Every structure is written in C-alpha cells, then in structure tokens.
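Residue-level listing of the chains:
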Amino acid sequence: MDPTRNILSENLQHVEQRIAAACRRVGRNRSEVTLIGVTKMVSAEVAQILFELGVLDLGENRPQELWRKAEQLPPEVHWHLIGHLQRNKIDRTLPLVQAIHSVDSLRLLEALENVGPTKVFLEFNCSGEASKQGFSETDLVGLVAALPTLEQVRVIGLMTMAAPADDPNEARPTFALLRGLCDRLRAEVGAKHPLTGLSMGMSGDFEVAVEEGATHIRLGTVLFEGLPSPGEKEG
Ligand SMILES: *Cc1c(COP(=O)(O)O)cnc(C)c1O
C-alpha cells in the first residue's frame with residue numbers, strides 16, 4: 001500500500017477514536033460533529049487521498065489555494081473557506097464553497113449579500129488576542145440589527161480560534177464563550193438565521209471543543225503528521 005495512504009489512514013483512525021471518545025464523555029452523537037480536513041499544508045494529491053478515505057469536507061484558508069485544489073479534486077468535495085476573504089475574491093469563491101467560516105466584518109457580510117446565496121459562520125475573537133480578526137461581544141448589537149435585513153446570506157453559526165496553549169483545557173472558556181454568544185444571537189435574531197453551528201477546535205484542542213459543543217472541527221496537523229515533507233522522495 002502507498003505509504004502516504006497508510007499514514008493518513010492511521011492518523012484518521014486515531015482522530016476518529018478521539019472524536020468518538022469526546023462525544024461519549026458528554027453524551028453527544030458523532031454525527032453532530034463535521035470533521036473538516038484542513039489541507040493548506042499539503043498538496044492536492046494528498047488532499048485527494050484524504051477525501052478517498054472518507055473525509056468529504058475540506059478546508060483552505062486562502063481563496064486562491066481553494067480555487068486551485070477545487071479544480072483538481074472531485075466535485076463531491078464540500079469546500080470550506082476558513083481564512084480571510086477579500087472582497088475582490090468573493091465572485092470566484094462563492095460557487096465553490098459549502099460555507100465561509102471567516103466572515104469578520106459587516107462590510108464583508110454586505111458584500112456577500114450582493115453576490116448570491118451563501119452559508120456563513122461569523123468569526124469571533126473570543127480569546128482577546130489583539131492580533132486576531134473577528135467580531136467581539138460589543139459588535140452583537142450591530143449584528144442583531146443587520147442580520148434580519150439579509151436575504152441571501154444565511155448565518156449558520158459562529159467560528160473562533162482559541163489562543164495556542166500547552167494545556168487544551170485552557171481553550172475551554174473561549175469555546176464556552178462562543179457557545180454563549182451564539183445562544184444570545186439566536187435568541188435575538190429570530191428564525192431567519194439558523195445560528196446553530198459552532199466551528200471551533202483545531203489539532204491542539206478539538207476534544208475540548210467537541211465537549212463544549214463544536215459542530216465543525218478544523219483539523220490539519222493531526223491528520224497529516226508523519227507524512228514525508230513535500231519535495232522529499234522516498235528512497
Ligand atoms: C490551519 C488552520 C486550522 C488547522 O490547524 P491545525 O492546528 O493544523 O489543526 C484550523 N483553522 C484555521 C482557521 C486554520 O487556519
């Protein structure tokens with residue numbers, strides 16, 4: 001068997017066991033959690049193998065890279081844009097993606113509204129790091145006013161990234177805060193937007209995210225570790 005496929009298959013099995021265990025700890029069903037394979041660090045060929053192993057949802061953080069891989073992979077892939085979207089890249093990105101996880105301003109929401117039907121997550125900066133993009137709690141009032149005016153854009157949930165930490169439990173307050181914000185928005189915005197999704201959890205903290213209610217976890221490193229680095233040839 002191809003060594004790349006072997007390694008990916010083993011990594012995936014291990015990740016699946018960890019997701020399942022986290023679900024069991026809090027009485028959730030595995031089917032409530034979508035695993036998004038974040039392929040930004042690997043080639044289209046490796047992304048294709050992950051898809052063939054059953055990971056149907058793939059994520060990229062740069063629009064151009066998503067366009068490139070979407071061209072090379074089967075049309076059945078559900079693509080997720082998880083990084084910043086510049087407004088001049090909206091037209092080409094929207095038709096390719098299942099959801100945009102990184103809507104970080106009202107300006108971008110309005111620009112998306114003018115292009116076509118889209119599902120989005122609103123990115124929140126819950127960790128308080130100044131370097132991170134996203135809405136904060138003080139933006140809730142503006143969002144409660146703006147969301148009911150949207151006809152094309154459906155806000156399916158919120159997204160966040162926890163601060164890097166050695167102990168995954170340090171991410172728990174960040175994830176709990178995102179869930180609380182989502183509950184508040186859903187209560188105030190009404191039925192037009194589902195607001196039931198929580199896109200949170202990466203390689204270092206996905207089990208804690210699942211325990212805190214994540215519906216979409218975004219995993220790169222933990223799926224691809226152990227692969228020969230690009231450019232290296234097998235002996
Ligand atoms: C790269 C990236 C991930 C995956 O990170 P890993 O730690 O490699 O699992 C998740 N979310 C976003 C927004 C990313 O850019």
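In the block above lies the structure referred to throughout.
These figures come from a predicted structure and were not determined experimentally. (Residues numbered from 1 in each chain as written. Predicted model: local features only at pLDDT ≥ 70, side-chain atom pairs only at ≥ 80, totals over all residues. Heavy atoms only, no water.)

Asker: Which residues make up the site of the ligand, and what values go with them?
Answerer: Close contacts around the ligand come from Val 38, Lys 40, Asn 61, Ile 82, Met 159, Met 161, Met 202, Ser 203, Arg 218, Leu 219, Gly 220 and Thr 221, and that covers them all. Within the side chain of Thr 221, a nitrogen or oxygen atom sits 2.5 Å from an oxygen atom of the ligand. Contact with the protein chains covers 89% of the free accessible surface of the ligand, which is 390 Å². Given that more than half its atoms are within 2 Å of the pocket grid, the ligand belongs to the largest pocket. Residue composition of the shell around the ligand, grouped by class: 6 nonpolar, 4 polar and 2 charged. (Near = heavy atom within 4 Å. Polar contact = N/O pair within 3.5 Å; in protein donor to acceptor, adjacent residues only side chain to side chain. Areas by Shrake-Rupley, 256 points an atom, 1.4 Å probe, with all protein chains shown as cover. 1 Å grid on protein atoms, 1.4 Å probe; cavity = no way out; pocket = protein on both sides within 12 Å on 5 of 7 lines; lining within 4 Å. Sits in = over half its atoms within 2 Å of the grid points. Nonpolar A, V, L, I, M, F, W, Y, C, P; charged D, E, K, R; others polar.)

Asker: For the packing of aromatic side chains, give the residues involved together with the corresponding values.
Answerer: Going through the model one piece at a time under the given rule, you end up with 1 aromatic pair. Ring plane angle 40 degrees and centroid distance 5.7 Å describe the contact between Phe 124 and Phe 135, whose orientation is recorded as tilted. Here Phe 124, found in the loop between strand S5 (118-123) and helix H6 (140-146), pairs with Phe 135, found in the loop between S5 and H6; they are 11 residues apart in sequence, far enough to count as distant. No difference in accessibility class separates Phe 124 from Phe 135, as the two residues are buried. (Phe/Tyr/Trp six-rings, centres within 6.5 Å; stacked < 30°, edge-to-face > 60°. Helix = DSSP H or I, 4+ residues; strand = E, 2+ residues; numbered from the N terminus. Buried < 20%, exposed > 50% of the residue type's maximum accessible area, 1.4 Å probe, protein only.)

Asker: Let's hear about the packing of helix H1 (residues 3-25) against helix H2 (residues 44-52): which residues, and what values?
Answerer: Contact pair H1 / H2: the axes reach a minimum separation of 10 Å and the direction vectors enclose 50 degrees. By the angle between their axes, H1 is oblique relative to H2. Every pair of crossing elements has a handedness; the one defined by H1 and H2 is right-handed. Mapping the contact onto sequence places Thr 4, Arg 5 and Leu 8 in H1 and Val 46, Ile 49, Leu 50 and Glu 52 in H2. Looking at the contact of H1 with H2 residue by residue, the class counts come to 4 nonpolar, 1 polar and 2 charged. (Axes fitted to C-alpha atoms, helices over the stretch in contact; angles between N-to-C directions. Parallel < 35°, antiparallel > 145°, perpendicular 65-115°, else oblique. Left-handed = near helix turned anticlockwise from the far one by under 90°. Contact = heavy atoms within 4.5 Å.)

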